[in-house]
Amino acid sequence: MPFKSSYKEIFTANKKWIERKLSADPDFFKHLSQEQNPDYLYIGCSDSRVHANEVMGLEPGEVFVHRNIANLVVNNDLNALSVINYAVEYLNVKYIIVCGHYDCGGIRAAMEPRDLGILNPWLRNVRDVYRLHEKELDAITDQRERYNRLVEINVYEQCLNVIKTAEVQKSYMESGYPLVAGWVYDLHDGLLKDLEIDFEKELNRIRKIYDLTKGK
Ligand code: CO
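Rules used throughout
- Residues numbered from 1 in each chain as written.
- Predicted model: local features only at pLDDT ≥ 70, side-chain atom pairs only at ≥ 80, totals over all residues.
- Heavy atoms only, no water.
- Helix = DSSP H or I, 4+ residues; strand = E, 2+ residues; numbered from the N terminus.
- Expected span 1.5 Å × (residues − 1).
- Buried < 20%, exposed > 50% of the residue type's maximum accessible area, 1.4 Å probe, protein only.
- Polar contact = N/O pair within 3.5 Å; in protein donor to acceptor, adjacent residues only side chain to side chain.
- Donors = N, O, S within 2.8 Å, 3.2 Å for Na, K, Ca; no water.
- Axes fitted to C-alpha atoms, helices over the stretch in contact; angles between N-to-C directions.
- Parallel < 35°, antiparallel > 145°, perpendicular 65-115°, else oblique.
- Left-handed = near helix turned anticlockwise from the far one by under 90°.
- Contact = heavy atoms within 4.5 Å.
- Pairing = 2+ DSSP bridges.

> Just to check I follow, could you spell out helix 8 (residues 143–163) for this structure?
Since the α-helix turns once every 3.6 residues, residues separated by three or four places project in the same direction. In this model helix 8 runs 30 Å from its N-terminal to its C-terminal C-alpha over 21 residues, within 8% of the 30 Å that 1.5 Å per residue would give. Most of helix 8 is tucked away, with 15 of its 21 residues classed as buried. With a side-chain oxygen positioned 3.2 Å from the backbone nitrogen of R144, the residue opening helix 8 is D142.

Now the structure itself:
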């Protein structure tokens, strides 16, 4: 595929963007540079077609973002865990959203039985999600449907991983926030689907084994 835009064009586009922002609000950068006060932490896929602010219709400053391949929350991933910690303890976000998307290359790769090199340990997390829900997934005969369902189930499991963190459990007990939500974005029509995860129910279920609200 040819290189579509020259490197320099990015800086020209940047200047045009600044002009647009300033003509709408002369204090745009003044306000933005003072502090950030987002209500949302968005954990999504690195896929170039899914952009948090854009799909949520939010402006800079309104959503704290973490992205990785297949929108995973892995319990020894210092990066994701630091983002969650900062978002909960310092930014006091009201919602943590895990957003997956249909046609996710990471999820598709994890469904294929082959060696993917350095991606193996990362995608193992998705293969483990498959194993946890093997019965439901294997019962879906249409391969595309099964793939879409794994995208949804993966979001659900990553929401549980967020709920398993001490920060989220303790903050929720003290202040009623953050709530955790799971979404799937559809690349074909741009629609966000809320998986309507029952946060209270999942939190109570999780705490039976993963309760971290006591101590420290
Ligand atoms: Co993806």
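> I keep staring at the coordination of the cobalt ion and nothing clicks. Help me out?
The expected angle between donors at a tetrahedral four-coordinate metal is 109.5 degrees. At an octahedral six-coordinate metal it is 90 or 180 degrees. Coordination sphere of the cobalt ion, protein contribution only: C45 (SG), H101 (NE2) and C104 (SG), at 2.0 to 2.3 Å. Motif for the cobalt ion, donor spacing along one chain: C-x55-H-x2-C. Taken together, the residues span a long stretch of sequence, with C45 in strand 1 (residues 40–45) and C104 in the loop between strand 3 (95–101) and helix 5 (105–111) at a distance of 59 residues. Judged on exposure class, the residue C45 and its partner C104 are both buried.

> Whenever I open this one, the packing of helix 4 (residues 78–89) against helix 9 (residues 166–175) confuses me. Can you help?
Packing of helix 4 against helix 9 brings their axes to within 9 Å, and their N-to-C directions diverge by 15°. One element, helix 4, and the other, helix 9, form an angle in the roughly parallel class. Considering the relative orientation of helix 4 and helix 9, their crossing is left-handed. For the pair helix 4 and helix 9, contact is made by L81, I84, N85, V88 and E89 and by E167, V168 and S171, respectively.

> Please clarify how the pairing of strand 4 (residues 179–185) should be interpreted in this entry.
Along any regular strand, the residues point their side chains to alternate faces of the sheet. Burial of strand 4 is extensive: 6 of the 7 residues sit out of reach of the surface. Bridge count for strand 3 against strand 4 is 7 bridges, and the pairing is parallel. When the sheet's bridge partners are listed, C99 is paired in strand 4 with W183. Here 3 bridges tie strand 4 to strand 5 (residues 192–194), and the two strands are oriented antiparallel to one another. Across the sheet, residue V184 finds its bridge partner in strand 5, namely K193. The hairpin formed by strand 4 and strand 5 contains 6 residues between the paired strands, and G190 there has a positive phi angle of roughly 80°.

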